[in-house]
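Structural overview for review
One letter stands for each residue in the lines below.
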Amino acid sequence: MFGIIRPCRHRLSEAMRTEWMAHLCGLCLALRGDHGQFARAATNYDGLVISVLVEAQSPADEGANSWRRTAGPCPLRGMRTASVAKGEGARLAASVSLVLASAKMRDHVADRDGVLARRPVAAAARRVAAKWDRAGARTGADLGFDTTVLVDAVERQAGIEALAGAGTSLLTVTEPTETATAAAFGYTAVLAGRPGNKAPLEEAGRLFGRLAHLLDAVEDLAEDAESGAWNPVAATGTELTEVRRLCDDAVHGVRLALREVDFASRSQSRLAHVLLAHELERAVDRAFGTAGCGHAEHAGAAGHAGVDGRAGAAGLAIAAGPQDGSPQGAFGPPPVMPPGHMPPGAPPEPPRRGRRRGLIAGCAVWATLFCTCQVCCRDPYFDPWDGKQREGWCHKCDCGDCDCSGCGDCCNCCDCCNSCDCCDCGGCDCGC
């Protein structure tokens, strides 16, 4: 998994977690359905935003069945079925994800990262990247989306980096990424039948691409310096304070652009609002090590993944206040699919089977739950033998001491206390 939008499960309401997971699973299954099992390696957190935007703009009267289906058992869901996203939004997200994953793979090859420093492995990686480019183009063509702009951006990136040096503007280096994400975001409006949204979504996509490029550079800064790999921040000699300013400006610009988008309904746009108006800001804080989720201390003890010393080092350079060495911006695994809480308009969750698994089958599923950290990090998870809900070991983690009385569905506890006031929503309304 890769991407800058990685919401902690404690910050999303149950309905939002359900919807988020539906889009993530839908992207994964769309990749498998169109391009085979190996293509699922291209699943990423940012790609699902494309699927979210298409659905948020789609007319509500199309019916729930037009964008949801019941998927079969999966180890990451405790071998249970789930309602997942389907249709053109998921396929467009799959097309974009493949092309972006191929770009990331080529970048690792160029930097000779790890095993990719070996010529045979690098050659195989290049072939996989080329195959993913062609596969993404086929899916894009089926949807009327020309992925040439994405591939062209990927090809131009290497040339721009070769010419960049001290004094070069960071925005010159991020331009290809901005162009690619702007095209992807803008086409969601065409696919949803709302061409008037194309311009503001292209602007949001352009700034989103800038953020993705800059945050990836900040997180890799220490590692790239140690390995000698090319890094845009180091190569251009840009101060981290200036990088942070560019990131904060981009976050604000995305929020302004979203205000110009005509979504189908407020209920359908909530997830898009949470991801792009709130989680982007947290992604910046996480990369620079200046803030994190309130359950970071618990997460460190329970085994959650967190931002490592690379991001913390960037935070030391610009952040005010003490640095205690605790995990900065710790985030858990993807939000899990809670039972009985489906997003508005989604079909009802299929009934769970009551039969008990046998000893061998139950032990096998238990091993899967442990190996994928679901017993620790998933709340709730389902007992492999009887299917009953069990609380994960981290269920007592919280997001701080927020008073959420009077908050609406859009703002959960942490959104109400930390985010709603910063985007001029007028309290907890979150109407922006």
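None of the values given here were measured: they were computed from a predicted structure.

What counts and what doesn't
- Residues numbered from 1 in each chain as written.
- Predicted model: local features only at pLDDT ≥ 70, side-chain atom pairs only at ≥ 80, totals over all residues.
- Heavy atoms only, no water.
- Helix = DSSP H or I, 4+ residues; strand = E, 2+ residues; numbered from the N terminus.
- Buried < 20%, exposed > 50% of the residue type's maximum accessible area, 1.4 Å probe, protein only.
- Areas by Shrake-Rupley, 256 points an atom, 1.4 Å probe, with all protein chains shown as cover.
- pLDDT = per-residue confidence, 0-100.
- Contact = heavy atoms within 4.5 Å.
- Pairing = 2+ DSSP bridges.
- Salt bridge = Lys/Arg side-chain N within 4 Å of Asp/Glu carboxyl O.
- Phe/Tyr/Trp six-rings, centres within 6.5 Å; stacked < 30°, edge-to-face > 60°.
- Axes fitted to C-alpha atoms, helices over the stretch in contact; angles between N-to-C directions.
- Parallel < 35°, antiparallel > 145°, perpendicular 65-115°, else oblique.
- Nonpolar A, V, L, I, M, F, W, Y, C, P; charged D, E, K, R; others polar.
- Expected span 1.5 Å × (residues − 1).
- Bend = angle between axes of the 7 residues up to and from the residue.
- Polar contact = N/O pair within 3.5 Å; in protein donor to acceptor, adjacent residues only side chain to side chain.
- Left-handed = near helix turned anticlockwise from the far one by under 90°.

1. Side note on the overall build of the protein chain
- Each helix and strand counted, the protein chain has 16 helices and four strands in total.
- In the protein chain, which comprises 432 residues, the share counted as buried stands at 52%.
- Summing over all exposed atoms, the protein chain offers an accessible surface of approximately 18500 Å²; the carbon and sulfur share of this is 54%.

2. Observations concerning the confidence of the model for the protein chain
- Here the protein chain averages 74 in pLDDT, and 66% of its residues register 70 or above.
- Confidence drops under a pLDDT of 50 for residues 295–354, and excluding neighbours within four residues, the segment shows 119 contacts in the predicted structure.
- Below a pLDDT of 50 lies the segment residues 395–432, which in the model reaches 68 contacts outside its immediate sequence neighbourhood of four places, other chains included.

3. A look at the side chain of E178
- Inspection of the secondary structure puts E178 in helix α6 (residues 170–191).
- The contacts of E178, once residues within four sequence positions are left out, are L171, G205, R206, G209 and R210.

4. So, the pairing of strand β2 (residues 80–85)
- In terms of residue burial, β2 counts as a mostly covered element, since five of its six residues are buried.
- Where strand β1 (residues 68–74) folds back onto β2 in an antiparallel hairpin, the turn is made up of five residues, including G78, whose phi is positive at roughly 65°.

5. Digging into the pattern of salt bridges
- Under the counting rule described, the total for this entry stands at 17 salt bridges.
- Between D34 and R91 there is a salt bridge, with the nearest N and O atoms lying 3.0 Å from each other. Remark: R91 occurs in helix α3 (residues 88–111) and D34 occurs in helix α1 (residues 14–35); sequence separation between them is 57 residues.
- Here D34 falls in the partly exposed class, since its relative accessible area comes to 33%.
- Take R91: its relative accessible area is 25%, and that puts it in the partly exposed class.
- Residue D249 is joined to R245 by a salt bridge in which the shortest nitrogen-to-oxygen separation is 2.9 Å. Taken together, the residues D249 and R245, both in helix α10 (residues 240–259) and four residues apart, mark about one turn of the helix.

6. What about helix α2 (residues 48–57)?
- A large share of α2 lies buried, amounting to 10 of its 10 residues.
- Within α2 the residues assigned to the buried category are L48, V49, I50, S51, V52, L53, V54, E55, A56 and Q57.

7. Concerning the packing of aromatic side chains
- This structure, assessed with the given rule, holds four aromatic pairs.
- On the basis of an interplanar angle of 35° and a centroid distance of 5.3 Å, the ring pair of F185 and F208 is categorised as tilted. Residue F185 is located in helix α6, and its partner F208 is located in helix α7 (residues 198–219); the two are separated by 23 residues in the primary sequence.
- Judged by its relative accessible area of 3%, F185 falls in the buried class.
- Look at F208 and you get buried, because its relative accessible area is 4%.

8. What about the packing of α1 against helix α11 (residues 266–288)?
- Interaxial distance between α1 and α11 falls to 10 Å at its minimum, and their mutual angle equals 85°. With respect to their mutual orientation, α1 and α11 come out roughly perpendicular. Residues M16, E19, W20 and H23 of α1 touch α11, and the partners they reach there are Q268, R270, L271, V274 and L275.
- Tallied by class, the residues present in the contact of α1 with α11 amount to five nonpolar, two polar and two charged.

9. Quick look at the environment of V49
- Looking at the element boundaries, V49 is found in helix α2.
- By relative accessible area, V49 is classed as buried at 2%.
- Taking the C-alpha atoms as reference, V49 lies 8.3 Å from H23; in sequence the two are 26 residues apart.
- Setting aside residues no more than four positions away along its own chain, V49 makes contact with I5, F185, L275 and L276.

10. Considering α6
- Taking 1.5 Å of rise per residue, 22 residues should cover 32 Å, and α6 covers 32 Å from first to last C-alpha, within 8% of that figure.
- Helix geometry: α6 is bent most strongly at P176, by close to 40°.
- When you tally the buried positions in α6, you get 16 out of 22 residues, the bulk of the element.
- Of the residues that open α6, the one with a side-chain oxygen 3.2 Å from the backbone nitrogen of L171 is S169.
- Among the residues trailing α6, G193 stands out with phi positive, at a value near 80°.

11. Looking at the pairing of β1
- Note that β1 and β2 share five bridges and pair antiparallel. Counted as the bridge partner of T70 is S83 from β2.

12. Digging into the packing of α7 against α11
- At a minimum axis distance of 9 Å, the contact between α7 and α11 shows a crossing angle of 20°. Overall, the two elements α7 and α11 adopt an arrangement that is roughly parallel. Every pair of crossing elements has a handedness; the one defined by α7 and α11 is left-handed. In contact with F208, L211, L215, V218 and E219 of α7, α11 contributes L276, L280, A283, V284, A287 and F288.
- For the contact of α7 with α11, the residue count by class is 10 nonpolar, no polar and one charged.

13. Here we look at the environment of A257
- Mapped onto the elements of the fold, A257 is located in helix α10.
- Between the alpha carbons of A257 and G205 there is a distance of 9.4 Å; along the sequence they are 52 residues apart.

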